[in-house]
Amino acid sequence: MSKTHVYFMPGLAASTTIFERIKLPETDFEMHYLEWEIPFDNETLVAYAKRIADKIVHRNPVLIGVSFGGILVQEMAKHIVVSKVIIISSVKSNAEFPLRLKVAKSTKAYKLIPMNLILNIETLAKFSFGEKVNQRLKLYEKFLSVRDIRYLTWAVEQVVLWDRVTIDESVVHIHGDQDDVFPIKNIKKCIVVKGGTHIMILNKYKWLNEKLPLIITDSYEI
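Reading the values: the criteria
- Residues numbered from 1 in each chain as written.
- Predicted model: local features only at pLDDT ≥ 70, side-chain atom pairs only at ≥ 80, totals over all residues.
- Heavy atoms only, no water.
- pLDDT = per-residue confidence, 0-100.
- Contact = heavy atoms within 4.5 Å.
- Phe/Tyr/Trp six-rings, centres within 6.5 Å; stacked < 30°, edge-to-face > 60°.
- Lys NZ or Arg CZ within 6 Å of the ring centre and 35° of its normal.
- Helix = DSSP H or I, 4+ residues; strand = E, 2+ residues; numbered from the N terminus.
- Buried < 20%, exposed > 50% of the residue type's maximum accessible area, 1.4 Å probe, protein only.
- Lys, Arg positive; Asp, Glu negative; His and termini not counted.
- Salt bridge = Lys/Arg side-chain N within 4 Å of Asp/Glu carboxyl O.
- Polar contact = N/O pair within 3.5 Å; in protein donor to acceptor, adjacent residues only side chain to side chain.
- Pairing = 2+ DSSP bridges.
- Axes fitted to C-alpha atoms, helices over the stretch in contact; angles between N-to-C directions.
- Core = buried A, V, L, I, M, F, W, Y, C linked by side-chain atoms within 4.5 Å.

### Considerations on the confidence of the model for the protein chain
As a note on interpretation, predicted positions should not be read in detail where pLDDT is low.
Reasoning step 1: Of all residues in the protein chain, 84% attain a pLDDT of 70 or more, and the chain-wide mean is 88.
Reasoning step 2: Below pLDDT 50 for its whole length, residues 121-129 participates in 15 contacts with residues either more than four positions away or in separate chains.

Printed below as a string of structure tokens:
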């Protein structure tokens, strides 16, 4: 039997190393990794999604996206035939955004974010308080791969201005009940991971390694 080809898209500005602990049985699955690319001038999310989708070389793949990568794979599925779309720590429509993102959209406050500061991990560390924050910064330093102002400015805007209002019921949504970026209270119809945070792709990998093969093959039971 042929293997199922599974394509992974990391979160905003992250490298594919966030998937380093995710392992699917090699007898049944072949894993592929998609990288973020610098957007063209004035490139729309639709056009960007088409450009990334063109890199997929297998028919009827499974797309798995984390956070902003989850938004992107949903847009990619408009351009190619897929067997399944799975999003992790993400949203299925802008109705699932927290209030702060909705406010950022209406006030355009996202345009005031100091992108240079965000990209400078060392500077952020100087202003951080508490061990939990410093641990998160260490993770960012390890997994943040796209340190480009154009990309980050574009990506933040694409998230805030995402215009999907209707949820695609075929999308499988995996979400942690401790997610502080997209709080679970705003999320509809998802597979809940107890204790899962926004970075559970890193620390809930055992759960994901056990459940993903079942979810992909429609064998998962809640």
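### So, the packing of aromatic side chains
Reasoning step 1: Throughout the structure, instances matching the rule amount to 11 aromatic pairs.
Reasoning step 2: Chaining the aromatic ring pairs together yields one cluster made of Trp36, Tyr48, Phe68, Tyr151 and Trp154.
Reasoning step 3: Directly above the ring of phenylalanine 40 sits arginine 51, whose terminal nitrogen or CZ lies 3.9 Å from the centroid.

### Side note on the environment of asparagine 203
Reasoning step 1: Looking at where asparagine 203 falls in the secondary structure, it is placed in helix 8 (residues 200-203).
Reasoning step 2: When the C-alpha atoms of asparagine 203 and arginine 21 are compared, they prove to be 8.9 Å apart, with 182 residues separating the residues in sequence.

### Examining the side chain of aspartate 179
Reasoning step 1: Following the sequence through the fold, aspartate 179 ends up in the loop between strand 5 (172-176) and strand 6 (191-193).
Reasoning step 2: Of the side chains bearing the opposite charge, arginine 100 lies closest to the buried aspartate 179, which forms no salt bridge; the N-O distance is 6.5 Å.
Reasoning step 3: For aspartate 179, the side chain forms a polar contact with the side chain of histidine 198, separated by 2.9 Å.
Reasoning step 4: Aside from chain neighbours lying at most four places away, what touches aspartate 179 is Ser89, Ile184, Gly196, Thr197 and His198.

### Some points on the sheet that holds strand 2 (residues 29-33)
Reasoning step 1: An order of 2-1-3-4-5-6 is seen for the six strands of this open sheet, with the pairing classed as parallel. Looking along the sheet, the strands with just one partner apiece sit at the ends: strand 2 and strand 6. On average, adjacent strands in this sheet sit at an angle of 20 degrees to one another, irrespective of strand direction.
Reasoning step 2: Both strand 3 (residues 62-66) and strand 4 (residues 84-88) contribute to a ladder of five bridges, which runs parallel. Across the sheet, isoleucine 64 pairs through a bridge with isoleucine 86, a residue of strand 4.
Reasoning step 3: This element, helix 2 (residues 68-76), spans strand 1 (4-9), strand 3 and strand 4 of the sheet and lies at about 150 degrees to strand 3.
Reasoning step 4: The strands touched by helix 9 (residues 205-216) within the sheet are strand 1, strand 2, strand 3, strand 4, strand 5 and strand 6, with strand 4 carrying the most contacts at an inclination of about 155 degrees.

### Some thoughts on the nonpolar core
Reasoning step 1: One finds Trp36, Phe68, Leu72, Met76 and Tyr151 to be the most contacted residues of the largest nonpolar core, which totals 37 residues.
Reasoning step 2: Taken together, the elements giving at least two residues each to this core come down to strand 1, helix 1 (45-53), helix 2, strand 4, helix 3 (99-107) and helix 7 (149-160).
Reasoning step 3: Ala14, Ile18, Met31 and Ile86 belong to the second largest nonpolar core, which has 27 residues in total.

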